[in-house]
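Structure assessment
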Amino acid sequence: MTQFFQTMPCRVQMYQATIDGYIKSNKYLVSFGDVCNGGLNIFTPAGFADHLGSFFYIPLLANEFSMEINFATKLFFISYGIVCFLISIFFFNKTNLDFKLKIVGSLTIFLLFFLCISISDTYSFYGLTSLALIPMWQFFFEKKLINNYFSIIIYSLFSGVMIAFSESVRGQSGLSFILCLIIFLYFMDKENKSKKFLTIIVILLPLVATQLFFKDLKNSREAFFLADQNKILELKKRNIALKNVRSVWHNAYFGLGFLSYDRQDFPKNNDTYSIEKIKKINPDIIPFTSEYEDILRKEYFSFIFNYPLYFFKITAAKAGVIIMYIIIFSNIGIYYFFKKKLTKNIKFFFVPGILFNSLIGIVAEPDYTYLLGMFVYCSFMTLFIIQPQKLKNRY
């Protein structure tokens with residue numbers, strides 16, 4: 001269970017192991033003594049089945065400025081939160097909403113910011129990136145800056161850098177914003193097609209560059225291990241993969257145990273159950289590899305086929321929790337949603353944003369740490385739906 005203002009202890013230990021690995025190997029993303037993942041006294045790949053960004057940025061910060069790892073970790077997450085908060089407050093108060101609503105909105109932004117940074121973990125990026133970018137692009141469209149090439153490049157490039165940085169730390173923390181922006185630009189109007197295309201291309205450029213950067217670091221890391229067969233043998237002895245993949249089906253499979261039924265043939269809602277399941281099927285499979293994920297994907301759909309009613313129950317239960325959160329964070333906005341004629345930004349940006357961000361809770365589990373992005377979209381939708389008739393430029 002997530003504790004406020006405390007990064008998961010094992011994640012912090014993994015950051016420290018990454019620093020130790022860099023000192024001993026002079027290679028980024030190489031850990032030494034990662035006890036949380038069975039790497040005591042050996043070199044292992046850093047960022048075990050996780051997104052690699054924080055395993056590069058935080059150890060680099062701690063090493064370059066001689067910081068203690070706990071301090072560097074908190075500084076990293078809180079600093080990003082503060083940057084996002086300031087961007088959000090600045091642009092929100094430049095929108096066309098009236099003074100009273102801006103006061104309410106500023107308080108809402110602060111509460112969302114506080115909720116996100118109180119987690120002090122990679123999950124906070126789900127909410128923080130959207131918190132910064134939504135008011136910025138609301139202002140962008142209100143002022144019709146889509147008609148100016150210079151504004152398009154500046155806003156898109158800045159947003160692209162933020163999204164690329166965010167995605168490197170926590171996947172899907174910025175991707176939903178891009179998808180919502182694409183949907184909105186498509187339905188916005190039939191004009192400025194070239195400018196809309198330019199907007200998306202410029203946003204995507206930093207994301208592509210970041211992916212290539214980390215791919216190069218991973219290739220360098222793999223070369224380090226492959227140059228010494230003893231290191232490879234040690235990894236095999238500890239059942240640790242050199243090439244890990246992001247644990248998508250791992251999370252989805254143990255998420256089938258959301259209702260925690262006690263039946264032995266039903267999944268259990270804990271992080272070790274997926275690994276135990278695979279070991280029963282094939283003891284030789286190494287966790288968090290492509291083969292591991294493929295088997296879990298097959299087991300996931302096999303379970304749905306064998307127990308469709310149970311799958312419906314857990315999906316309905318997860319949806320119930322998500323709907324509860326939507327009601328809490330949208331509150332009065334739900335009334336206005338059904339009462340007023342909806343503007344295009346509500347229909348084609350905020351509604352898709354709420355849906356996309358809720359999918360994480362459906363696929364995995366509706367823990368609030370996974371739903372921070374949804375909280376942000378719900379809150380901003382309410383702020384911008386209450387008074388659409390008073391906006392100077394409806395869109």
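Described below are features of the structure shown in this document. Within any chain, residue numbers begin from 1 and follow the written order of that chain's sequence. Per-residue local features are limited, in this predicted model, to residues with pLDDT of at least 70; the limit for side-chain atom pairs, both in listing and counting, is 80 or more; totals at the level of whole chains, interfaces and linings are taken over all residues. In computing side-chain properties, one takes all heavy atoms of the structure into account and sets aside hydrogens as well as water.

Remarks on the pairing of strand S1 (residues 30-34)
Type-normalised accessible area, obtained with a 1.4 Å probe on protein chains alone, sets the label of each residue: buried when under 20%, exposed when over 50%, and partly exposed for intermediate values. Per the convention used, a helix needs a DSSP run of H or I reaching at least four residues, while a strand needs a run of E reaching at least two, with both numbered from the N terminus. Burial analysis of S1 places five of its five residues in the buried class, the great majority of the element. At least two DSSP bridges between two strands are required for those strands to pair. As judged from the four bridges shared by S1 and strand S2 (residues 39-45), these two strands associate in the antiparallel manner. Residue Val 30 lies in a different strand from S2, and its bridge partner there is Pro 45. Between S1 and S2, which pair antiparallel one after the other, the connecting turn spans four residues, and Gly 38 there sits at a positive phi close to 75 degrees.

So, the side chain of Glu 222
You can see Glu 222 is positioned in helix H8 (residues 193-226). In this analysis, two residues are considered to be in contact whenever any of their non-hydrogen atoms come within 4.5 Å of each other. Not counting residues within four places of it along the chain, the set of residues in contact with Glu 222 comprises Leu 242 and Lys 243.

Here we look at the pattern of salt bridges
Throughout this description, the term salt bridge denotes a Lys or Arg side-chain nitrogen within 4 Å of a carboxyl oxygen of Asp or Glu. The final tally for this structure, using the stated rule, is eight salt bridges. The partner of Lys 231 in a salt bridge is Asp 228, with the nearest N and O atoms 2.9 Å apart. In this structure, the salt-bridge partner of Arg 297 is Asp 294, at a minimum N-O distance of 3.7 Å. A residue pair is termed a helical-turn pair when its members lie 3 or 4 positions apart in one helix, as Arg 297 and Asp 294 do in helix H12 (residues 290-306) at three residues. Overall, Arg 297 belongs to the partly exposed group, its relative accessible area being 31%.

Some words on the state of the cysteines
Count a disulfide wherever a pair of cysteine sulfur atoms falls within 2.5 Å. Taken as a whole, this structure holds one disulfide when the rule is applied. Note on cysteine connectivity: Cys 10 is disulfide-linked to Cys 36, with sulfurs 2.0 Å apart. Taking the torsion about the S-S bond as the criterion, the Cys 10 to Cys 36 disulfide, at about -100 degrees, is left-handed. A residue pair is termed long-range when its members are at least 10 positions apart, and Cys 10 in helix H1 (residues 9-25) and Cys 36 in the loop between S1 and S2 qualify at 26 residues. The exposure class assigned to Cys 10 is partly exposed, which follows from its relative accessible area of 37%. In this structure Cys 116 is a free cysteine whose sulfur lies 8.6 Å from that of Cys 84, the closest cysteine sulfur available. Classification of Cys 116 by relative accessible area gives buried; the value is 2%. Lacking any disulfide linkage, Cys 180 is separated from the closest cysteine sulfur, that of Cys 378, by 12 Å. Judged by its relative accessible area of 0%, Cys 180 is buried.

Considering the nonpolar core
If you look at the biggest cluster of nonpolar residues, it comprises 116 residues, and the most contacted ones within it are Trp 137, Phe 177, Phe 350, Phe 375 and Phe 380. Sorting elements by how many residues they give to this core places helix H5 (residues 124-142) first, with 12 residues. Non-local contacts of Phe 177, meaning those with residues more than four positions away in its chain, are made with Leu 133, Ile 134, Trp 137, Ile 163, Phe 349 and Tyr 377. In these notes, a set of buried Ala, Val, Leu, Ile, Met, Phe, Trp, Tyr and Cys residues joined through side-chain atoms within 4.5 Å is what counts as a nonpolar core.

Observations regarding the side chain of Ser 130
By the secondary structure assignment, Ser 130 is in helix H5. Discounting chain neighbours no more than four positions away, the residues touching Ser 130 are Pro 135, Ser 173, Val 376 and Tyr 377.

Considering unusual backbone geometry
A negative phi angle is the norm for most residues apart from glycine, just as the trans form is the norm for most peptide bonds. Unusually for a residue other than glycine, Asn 26 sits at a positive phi of about 60 degrees. Relative to the elements of secondary structure, Asn 26 occurs in the loop between H1 and S1.

Some details on a positive patch on the surface
Where like charges cluster on the molecular surface, the positive patch consists of Lys 190, Lys 193, Lys 341, Lys 344 and Lys 347. Along the chain, Lys 347 falls in helix H15 (residues 344-363). Patch membership requires over 30% relative accessible area and the absence of a salt bridge. Like charges are linked within 9 Å, and nonpolar side chains (Val, Leu, Ile, Met, Phe, Trp, Tyr) within 5 Å. For the accessible areas, the method is Shrake-Rupley and the probe is 1.4 Å, while residue cover comes only from the protein chains on display. Note on charges: Lys and Arg go in the positive column, Asp and Glu in the negative column, and His and the chain ends are not counted at all. Where a charge lies is defined by one atom per residue type: Lys uses NZ, Arg uses CZ, Asp uses CG and Glu uses CD.

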